[in-house]
Amino acid sequence: MRRAATLVLSAGLSLAFGAPARAQEPKVAGTDVPAPRRTKFVAPAYPVEAQMRGLRGIVILELIVDEQGRVATADVIRSVPPFDEAALSAARQWEYEVTQVDGRPVRVRVTVPITFALKLPEMTRAEGVPEMRQGAAPAFPPGLEGPARVVADVTLLPDGSVAEASVRSGDSPWAEGLLLALRTWRFAAAPDGTEVGFTVQADFVSPGRPGQPPKVELQLIEPRRRDLAAPASAATEAAPASPAAAEPPEPLAPSPAPAAGTAQPLPAAPSPEPVMPPSLTPAPPPASPPAPSASPAAPPIEVISGPAVAPPPPPPPQPGFSAVRDVSLAVGVPDLVKGRRPVVPPVARMAGANGEVQVTFSVDAAGISSVQKVDGLDLLKEAARQAVASWAFRRTTAERIFLSAVFTFQGDLARADVRRAE
């Protein structure tokens, strides 16, 4: 009896003074309660690296808005790695109207999609130049004033991606700014499977009045096509030159800028870049998980990159890595991942034949080597040719590259030095 009275007294005290309550489960916006109106908005910043690589995507966040209308937690429920941190950093600064149920403030769970999309640069195109599908505008170098002009020749693959670009005239750092932008460009595919080329003229113009941003005026001129199935000399047809590009090429000043007239392979991107479909509708990368449905009253946020973001300085070029023993790679040669090492053939060893053999070869987009020419002592040529034919390189760009390997045979030792073909 005394025990029962004690339990009743304890229950009464708990009701009188209040027992610890369970943490309140957030209400779901759009289902349990109306989605709250956002009262403070901070726009996500478009990551510079993603802009220069031409990347885009849709990040979906799940936010918990507390009883004061602040964002208590923010989690990524659909991830696109280049943009996750930018989306989270902005969302944590947002504020919402306080949501009340029965006169008491409650926490709310809100789902928000954020679209990162690239704004196509403004340009004029001559007839015959394909329509641009994806790409960023050249960045105006910070701390510098125009005007400046860079002229570059561009060659497209049949799928519309940029195969190579060479600077015809222009100084550093303006030339590097244009080449970085060209790396992100992609055009409509050629319906007849031909290779398309044209000239890009970029004029960097300082603002006319204080407060105005600098701009880059782009002209795509002098279209030319080449049937890949026909000889280049018979299939290349140049369109009439535009008066704006009729001025003679100017030699490049000594600087880190690419030499005029030299084909420059576009920098390799560490990860595959999304391809803009013909409909121009931004789409999430195919490897991403299905997107959860967003709250009905949470409008999507679209972040459009601007043209005046300066890219980070390009890293210094580094020699490629060779996984094949006794093979060294010069700057600009992709990594050698497998193949035969240089070996002195037995017949040459017995004959005491020493010397050098030069092998000129090409590497396609799959990294496969194709020997084109072998020069040197006959007893050593076949060993060098077989070694090069077995090599496989790691490729991250689609253009075919041309290399030269110099084999040195001395007694029982052999080695090879690989560099870009001149």
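What you see is a predicted model, and the numbers here were worked out from it, not measured in a lab.

> What is the right way to look at the pairing of strand β4 (residues 71-78) in this model?
Side chains on a regular strand alternate between the two faces of the sheet. Here strand β3 (residues 57-65) runs beside β4; their pairing, made up of six bridges, is antiparallel. Bridge pairing in β4 links E62 to D75. If you look at the hairpin formed by β3 and β4, you'll find five residues sitting between the two strands, and G69 has a positive phi there, around 85°.

> Sorry if this is basic, but what is going on with the side chain of T408 here?
Mapped onto the elements, T408 comes out in strand β24 (residues 401-410). For T408, a relative accessible area of 13% puts it in the buried group. The contact partners of T408, leaving out residues within four places of it in the chain, are G355, E356, L413, A414 and R415.

> Before we go on, may I ask you to explain the sheet that holds β24 in this structure?
Paired through their backbone hydrogen bonds, the strands of a sheet run either parallel or antiparallel. The mixed open sheet is built from five strands, whose spatial order is β19-β25-β24-β21-β22. Strand pairing shows two members of the sheet lacking a second neighbour, β19 (327-329) and β22 (369-376), which therefore form its edges. Taking the axes of each pair of neighbouring strands and ignoring which way they run, one obtains an average angle of 20° across the sheet. In the packing of helix α7 (residues 378-389) onto the sheet, the strands contacted are β21 (355-363), β22 and β24, and the crossing angle to β22 comes to about 165°.

> Sorry if this is basic, but what is going on with helix α4 (residues 174-182) here?
Owing to its 3.6 residues per turn, the α-helix brings residues three or four apart onto one side. Buried residues dominate α4, accounting for nine of its nine residues. Along α4, the residues that are buried comprise W174, A175, E176, G177, L178, L179, L180, A181 and L182.

> So what exactly am I meant to see when it comes to the confidence of the model for the chain here?
When pLDDT is low, close inspection of the predicted coordinates is not appropriate. Scored by pLDDT, the chain has a mean of 76; 71% of the residues are at 70 or more. Ignoring residues within four places in sequence, the model shows residues 13-21, a span with pLDDT below 50, making two contacts including any to other chains. Every residue in residues 232-297 scores below 50 in pLDDT, and together they form 127 contacts with partners more than four places removed in sequence or on other chains.

Conventions used here
Residues numbered from 1 in each chain as written. Predicted model: local features only at pLDDT ≥ 70, side-chain atom pairs only at ≥ 80, totals over all residues. Heavy atoms only, no water. Pairing = 2+ DSSP bridges. Helix = DSSP H or I, 4+ residues; strand = E, 2+ residues; numbered from the N terminus. Buried < 20%, exposed > 50% of the residue type's maximum accessible area, 1.4 Å probe, protein only. Contact = heavy atoms within 4.5 Å. Axes fitted to C-alpha atoms, helices over the stretch in contact; angles between N-to-C directions. pLDDT = per-residue confidence, 0-100.

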